[in-house]
Amino acid sequence: MSDLLDYKCPCCGGAITFDSSLQKMKCPYCDNEFDVETLKGFDEALNQDAEDNMQWNNQATEEWTEGEAEGMRVYVCQSCGGEVVGDETLGATTCPYCDNPVVMKGQFSGDLKPNFIIPFKYDKKQAKENLAKHLKGKLLLPKAFKTENHIDEVKGLYVPFWLFDTHADAFIRYRMTRTRHWSDSSYDYTETSHYMATRAGDIAFERVPVDGSEAMPNDLMESIEPFDVADMTDFQTAYMAGYLADRYDVTAEDCTPRANERVKQSTEDAFRDTVVGYDTVVAESSTVNLDNGKINYAMYPVWILNTTWKDEKFLFAMNGQTGKFVGNLPMKVSAFLAWLFGVTVGVGGLAFLVQFLLWKL
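Values in this document were obtained by computation on a predicted structure and should not be read as measured data.

**Brief notes about the confidence of the model for the chain**
Item 1. The predicted model of the chain averages 77 in pLDDT, with 71% of residues at 70 or higher.
Item 2. Element-level pLDDT for the chain is lowest in helix H7 (residues 333-340), with a mean of 44, against a maximum mean of 94 in strand E12 (residues 233-234).
Item 3. Confidence drops under pLDDT 50 across residues 1-5; counting only partners more than four residues distant or on other chains, this segment forms nine contacts.
Item 4. Per-residue pLDDT stays below 50 along residues 332-340; that stretch engages in 17 contacts with residues further than four places along the chain or on separate chains.

**Regarding unusual backbone geometry**
Item 1. Note the cis peptide between glutamate 225 and proline 226, where omega equals 5°.
Item 2. Mapped onto the fold, proline 226 is located in the loop between helix H5 (218-223) and E12.
Item 3. For arginine 207, which is not a glycine, the phi torsion comes out positive at approximately 60°.
Item 4. Note on placement: arginine 207 falls in strand E11 (residues 188-211).
Item 5. The exposure class of arginine 207 is partly exposed, given its relative accessible area of 23%.
Item 6. For asparagine 292, which is not a glycine, the phi torsion comes out positive at approximately 60°.
Item 7. As for its position among the elements, asparagine 292 is in strand E14 (residues 280-309).

The rules behind the values
- Residues numbered from 1 in each chain as written.
- Predicted model: local features only at pLDDT ≥ 70, side-chain atom pairs only at ≥ 80, totals over all residues.
- Heavy atoms only, no water.
- pLDDT = per-residue confidence, 0-100.
- Helix = DSSP H or I, 4+ residues; strand = E, 2+ residues; numbered from the N terminus.
- Contact = heavy atoms within 4.5 Å.
- Buried < 20%, exposed > 50% of the residue type's maximum accessible area, 1.4 Å probe, protein only.

This is how it looks when you write it as structure tokens:
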């Protein structure tokens, strides 16, 4: 800023002026006083704010060759529209998402070929066993669900993921406060001190995953993360034998905003952990620039379990590499009320909170 009259108060945002009697800048709205040099430093920090620059180079450009695609077919669900890829011997099958019949659409061709694949480590039997373990200890689950819940289908499915690698260079400006309280015989006092801090640096990201399937819920896929990329290998069709593969219908470009969000949030969280010793810390400005951002295409192993109880469908997913299991469950209303209105409101409320958190794990 070229004129001191243009300065804004760091505390309340109001326009401040120079007070000749104090030889300081003073805010007429909140009565805070500032040294001129302090405000100049604050203004210099403000001038470093900039827009994010987050560009990516898509490495997944190779298409399937005629020989690789030979014998592979596309199956489409007439109910939810999901598309899966399997070999020509698959025959009649059902949709891994909604459990409705799927029909053969035709020869598989035209899609991009994955760069990498993580092979399955857990089989169908272990997926069923992990479902039983998932149901144990859920006090809010109706007892009948454990005995009457019917597994309709268990499918081993390779889910398409776009993987984002990059170096993030960031500049983040924080506003912090410290509050002090004291009293005398007449009054209670509160003093709030305002501070500003900046953080700059870079952080590397490898294999940030975003699933490329419209039919697969993002929260379900993120819940079974992480996948161990140490087991990742160059893609070969042999790993797909006996399994379905979800056909990507969300492009890398369409997944980029989600990747940018994850990279930016992780960067801000990492930098935020370095600002300590304050009562409040708020990021007022954040600029993230990506360097050498690359996108690869990979297939990750997932077991999908469709179950039915009281004519309602329940979808579960298990990480086919690590065995991590997630899925939504019905809640017993009477058990819910018992936890909510227990012997005492305090004990009952605390117990329900603990059980609710365990329910989500």
